[in-house]
Amino acid sequence: MAQISQYEHAEALVQGAHEVFGFHPGYRALHADGRIYRGSFRALPIARTYTRAAHLQGAPAPATVRFSKGGGRPDAPFGATVGMATRFYLPNGRTTNLVMLSQLLFPARSPEDLLAAIALAGPEEPGGTLNKAALLPFLKEHPEVANVLQMRAASLAPTSFAHSEFHAVHVFRYVNAGDVATNVRCHWIPRAGVEGRPVEELAAMDREVLLDEFDERLNSGPVGFDLVLEIGQDGDPLDDPTALWPADRERVTIGTLEITAPVTLEELGDPEMNHDPTKVTDGIELHDDPILHARRGVYEVSAAYRTGGWHSCPFAKHYE
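The shown structure was predicted, so the numbers you read here are calculated from the model rather than taken from an experiment.

About the cut-offs
- Residues numbered from 1 in each chain as written.
- Predicted model: local features only at pLDDT ≥ 70, side-chain atom pairs only at ≥ 80, totals over all residues.
- Heavy atoms only, no water.
- Helix = DSSP H or I, 4+ residues; strand = E, 2+ residues; numbered from the N terminus.
- Rg over C-alpha atoms; globule rule 2.2 N^0.38 Å.
- Contact = heavy atoms within 4.5 Å.
- Areas by Shrake-Rupley, 256 points an atom, 1.4 Å probe, with all protein chains shown as cover.
- Axes fitted to C-alpha atoms, helices over the stretch in contact; angles between N-to-C directions.
- Parallel < 35°, antiparallel > 145°, perpendicular 65-115°, else oblique.
- Left-handed = near helix turned anticlockwise from the far one by under 90°.
- Nonpolar A, V, L, I, M, F, W, Y, C, P; charged D, E, K, R; others polar.
- Buried < 20%, exposed > 50% of the residue type's maximum accessible area, 1.4 Å probe, protein only.
- Pairing = 2+ DSSP bridges.
- Salt bridge = Lys/Arg side-chain N within 4 Å of Asp/Glu carboxyl O.
- Expected span 1.5 Å × (residues − 1).
- Polar contact = N/O pair within 3.5 Å; in protein donor to acceptor, adjacent residues only side chain to side chain.
- Phe/Tyr/Trp six-rings, centres within 6.5 Å; stacked < 30°, edge-to-face > 60°.
- Lys NZ or Arg CZ within 6 Å of the ring centre and 35° of its normal.

Student: I'd like a description of the overall build of the chain, backed by residues and values.
Tutor: In terms of regular secondary structure, the chain is built from 9 helices and 12 strands. Relative to a compact globule of 320 residues, whose C-alpha radius of gyration would be 20 Å, the chain shows 19 Å and is just as compact. C-alpha atoms of the chain, sized along the principal axes, occupy 55 × 50 × 45 Å. When contacts within the chain are restricted to residue pairs at least 6 apart in sequence, long-range pairs at least 24 apart make up 74% of them. For the chain, the accessible surface area stands at approximately 15300 Å², while carbon and sulfur atoms represent 53% of it.

Written out as structure tokens, the structure is:
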């Protein structure tokens, strides 16, 4: 098994995001605008069939959720892609993350492919218009990227976070107490049902509309999502976030998340709030997916830009 570097391309990928969207101090490189909410997750007994992970054994687990708009511009309108980053708080004091998008797939198989696409289509100035024409030869050589971009272009925009499905674009290996492993894709399915609308309609609305709507919705009670596992079979791709599995794969609901109220970083005592998707726990393992492994370094670099790095430490003045 080849060792996959989690940091080799991290700086270049974050810089690429800044070239496309501009650098906005204090904000994430991607999914810059968002809000955090608290809630609780409870697994169903069937979850233990697939994993021994502590938060999936049936006891209520505290959780936080960050809903966000796609892209790296905090002042941009909402589009078709939104994010849902969930943090589970474990009995031993540790945490684990589950990061999902409203899109099924990621538009690159590797960091190298993603950087090549940015180099071709990047705007002349940060935050400017993408040069889509320059990307056409690359798309002919990488039909999997073209397929994902076409899927995203055809997708509807949300009417509410509460009416949106979310998908972990990577495959994980769930391991139960008997060391039996199952390959799974994870999905959040809204209990209120799925709705959509034209992207142009949402883009014309206030840039905080989905976040404000969700805050208002919580005044009427909790918002629920079911955690659904898509069960892999032999031959299904495990390390390619541009590839779907066949539509007939079994799906199993293993638990329910209830989101109850907004919460601040100050209340949580975690000013960084880094939702690294590789931060798993015993009973959940990573595959050799280059994009997934690269995200660890990307999230750390982005957090350093956002927080000021070591210069923001209270004792940093002693080293300057």
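Student: How would you explain the packing of helix α1 (residues 10-21) against helix α3 (residues 111-121) if you had to name every residue and give the values?
Tutor: One can describe the packing of α1 onto α3 by two numbers: an axis separation of 10 Å at closest approach and a directional angle of 30°. Regarding the angle of α1 to α3, the classification is roughly parallel. Relative to α3, α1 is oriented so that their crossing is left-handed. Contact residues: α1 offers A12, L13, G16, E19 and V20, while α3 offers P111, L114, L115 and I118. Across the contact of α1 with α3, the residue classes tally to 7 nonpolar, 1 polar and 1 charged.

Student: Any details on the pairing of strand β10 (residues 223-231)? Residues and values, ideally.
Tutor: Burial analysis of β10 places 9 of its 9 residues in the buried class, the great majority of the element. Pairing of strand β8 (residues 181-190) with β10, which is carried by 7 bridges, proceeds in the antiparallel orientation. By the bridge assignment for β10, W188 is matched with L227.

Student: Can you break down the pattern of salt bridges residue by residue, with the values?
Tutor: Under the criterion given, the structure shown has 19 salt bridges. Its salt-bridge partner being K69, residue D33 comes within 3.2 Å of it at the nearest N-O pair. Taken together, the residues span a long stretch of sequence, with D33 in the loop between α1 and β1 (34-43) and K69 in strand β2 (residues 61-69) at a distance of 36 residues. Neither residue differs from the other here; D33 and K69 are each classed as buried.

Student: Provide a residue-level description of α1, including the pertinent values.
Tutor: With 12 residues, α1 should cover 16 Å at 1.5 Å per step; its first-to-last C-alpha distance of 17 Å lies within 8% of that length. All of the buried residues along α1 are A10, L13, V14, G16, A17, H18 and V20. Looking at the buried side of α1, the elements it contacts are α3 and α9 (290-307).

Student: Please set out unusual backbone geometry residue by residue, giving values where relevant.
Tutor: Despite not being glycine, H31 shows a phi value in the positive range, around 55°. As for its placement among the helices and strands, H31 is situated in the loop between α1 and β1. Under the relative-accessibility criterion, H31 is labelled buried at 18%. For D179, which is not a glycine, the phi torsion comes out positive at approximately 65°.

Student: Give a description of the side chain of D236 that names residues and reports values.
Tutor: Among the structural elements, D236 can be located in the loop between β10 and β11 (251-262). Overall, the relative accessible area of 9% leaves D236 in the buried class. A distance of 2.8 Å separates the side chain of D236 from the side chain of R249, its partner in a polar contact. What D236 contacts, discounting residues up to four positions off in sequence, is W245, P246 and R249.

Student: Break down the packing of aromatic side chains for me, with residues and values.
Tutor: Across all of its chains, the model carries 12 aromatic pairs by this definition. Arranged with centres 4.6 Å apart and planes meeting at 20°, the rings of F67 and F161 form a pair that is stacked. Of the two residues, F67 sits in strand β2 while F161 sits in the loop between β5 (157-158) and β6 (166-167), which places them 94 residues apart along the sequence. Comparing F67 with F161 shows no difference in burial state: the two are buried. A connected cluster of aromatic rings, assembled from ring pairs, spans Y37, F67, F78, F161, F166, F214 and F225. Taking NZ or CZ as reference, K69 lies 4.8 Å from the ring centre of F78, over its face. Between R185 and the ring centre of W245, over which it is positioned, the NZ or CZ distance is 5.0 Å.

Student: Would you mind going over the side chain of R66 in detail, with residue names and values included?
Tutor: Among the secondary structure elements, R66 is positioned in strand β2. Polar contacts involving the side chain of R66 include one to the main-chain carbonyl oxygen of A32, which spans 3.2 Å. In this view, R66 contacts R28, H31, A32, D33, G34, R35, I36, G83, M84, A85 and H275; residues no more than four positions away in its chain are not counted.

Student: Give a detailed account of the pairing of β2, specifying residues and quantitative values.
Tutor: β2 sits mainly inside the fold: 8 of its 9 residues count as buried. As judged from the 8 bridges shared by β1 and β2, these two strands associate in the antiparallel manner. Paired with R35 across the bridge in β2 is F67. With 7 bridges joining them, β2 and strand β3 (residues 82-89) adopt antiparallel strand pairing.

Student: Describe in detail the packing of helix α4 (residues 132-141) against helix α5 (residues 143-154), supporting the description with residues and values.
Tutor: Interaxial distance between α4 and α5 falls to 5 Å at its minimum, and their mutual angle equals 115°. With respect to each other, α4 and α5 are oriented roughly perpendicular. Every residue of α5 that contacts α4 at L135, F138, L139, K140 and E141 is listed here: P143, V145, A146 and L149.

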